[in-house]
Amino acid sequence: MNKVILMGRLTRDPEVRYSQGEQATAVARYTLAVDRRFRRDNDQQSADFINCVAFGRSGEFAEKYFHKGIKIVVTGRIQTGSYTNQEGQKVYTTDVVVEDQEFAESKAASEQAGGGFQPAARPEPSAAAGDGFMNIPDGIDEELPFN
């Protein structure tokens, strides 16, 4: 089974190209910075940088909504490959081919984390909400399903 699930932040805006031919297909490439849970004593790197590629509608979605700094969750499969560069050296590649991708935080959280997203102005929540919980009058706790 070849399945990978990643959560991280985009290191830059996705690079999107379209295939040639009658039915042009979007191909979006981006890199996710995925935090490591644990660090060894001498290890300065606390993230891994994972190359991802999304095709078709997923590529179009990435082009439209993803940008540097946004936190996303990607599900896909690992694909390895190789090519010979201009100097004649063989270069090996490892990419995650995206099967599903989604936002991992709200727009507001992304903005606070330095994601660079500028949402439209929206009204502030009412201060009357207090702690955000609704008061339940005494005596109706028998009707609540989670006693």
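Details of the structure are given in the entry above.
How each quantity is defined
Residues numbered from 1 in each chain as written. Predicted model: local features only at pLDDT ≥ 70, side-chain atom pairs only at ≥ 80, totals over all residues. Heavy atoms only, no water. Salt bridge = Lys/Arg side-chain N within 4 Å of Asp/Glu carboxyl O. Helix = DSSP H or I, 4+ residues; strand = E, 2+ residues; numbered from the N terminus. Buried < 20%, exposed > 50% of the residue type's maximum accessible area, 1.4 Å probe, protein only. Core = buried A, V, L, I, M, F, W, Y, C linked by side-chain atoms within 4.5 Å. Contact = heavy atoms within 4.5 Å. Polar contact = N/O pair within 3.5 Å; in protein donor to acceptor, adjacent residues only side chain to side chain. Phe/Tyr/Trp six-rings, centres within 6.5 Å; stacked < 30°, edge-to-face > 60°.

Some words on the pattern of salt bridges
Piece 1. On inspection of all chains with the given rule, the structure shows five salt bridges.
Piece 2. Note that Glu99 is salt-bridged to Lys3, the shortest N-O span being 3.1 Å. Pair noted here: Glu99 is in strand E6 (residues 90-103) and Lys3 is in the segment before strand E1 (4-10), with a separation of 96 residues, a long-range link.
Piece 3. Owing to a relative accessible area of 48%, Lys3 belongs among the partly exposed residues under this scheme.
Piece 4. Close ionic contact of Arg9 with Glu105 constitutes a salt bridge, the shortest N to O distance being 2.8 Å. Separated by 96 residues along the polypeptide, Arg9 in strand E1 and Glu105 in the loop between E6 and helix H2 (107-112) bring together distant segments of the chain.
Piece 5. For Arg9, a relative accessible area of 26% corresponds to the partly exposed category.

So, the nonpolar core
Piece 1. Counting 16 residues, the largest nonpolar core has Leu10, Tyr30, Leu32, Ile72 and Val74 as its most contacted members.
Piece 2. Those elements that place two or more of their residues in this core are E1, strand E3 (26-35), strand E4 (47-55), strand E5 (71-84) and E6.
Piece 3. The leading source of residues in this core is E3, at four residues.
Piece 4. Apart from residues lying up to four places away in sequence, Val74 is in contact with Val4, Ile5, Leu6, Tyr30, Leu32, Val96, Val98, Asp100 and Gln101.

So, the side chain of Asn85
Piece 1. Residue position: Asn85 is located in the loop between E5 and E6.
Piece 2. At 3.1 Å, the side chain of Asn85 forms a polar contact with the backbone nitrogen of Glu87.
Piece 3. Separated by 2.9 Å, the side chain of Asn85 and the backbone nitrogen of Gln89 make a polar contact.

Some words on the packing of aromatic side chains
Remark: the centre distance and the inter-plane angle together describe each pair of aromatic rings, the angle taken between the planes.
Piece 1. Applying the stated criterion to the full structure yields five aromatic pairs.
Piece 2. Geometrically, the ring pair formed by Phe61 and Tyr65 is tilted, given 4.8 Å between the ring centres and 45° between the ring planes. With a gap of four residues between them, Phe61 and Tyr65 both fall in helix H1 (residues 57-65), about one helical turn apart.
Piece 3. Residue Tyr65 is classed as partly exposed on the basis of its relative accessible area of 38%.
Piece 4. Summarising the aromatic geometry, the rings of Phe66 and Phe103 are spaced 5.7 Å apart at their centres and angled 80° between planes, so their arrangement reads as edge-to-face. Here the residue Phe66 occupies a position in the loop between H1 and E5, and Phe103 occupies one in strand E6, the gap between them amounting to 37 residues.
Piece 5. Linked through ring pairs, Tyr30, Phe61, Tyr65, Phe66 and Phe103 together constitute an aromatic cluster.

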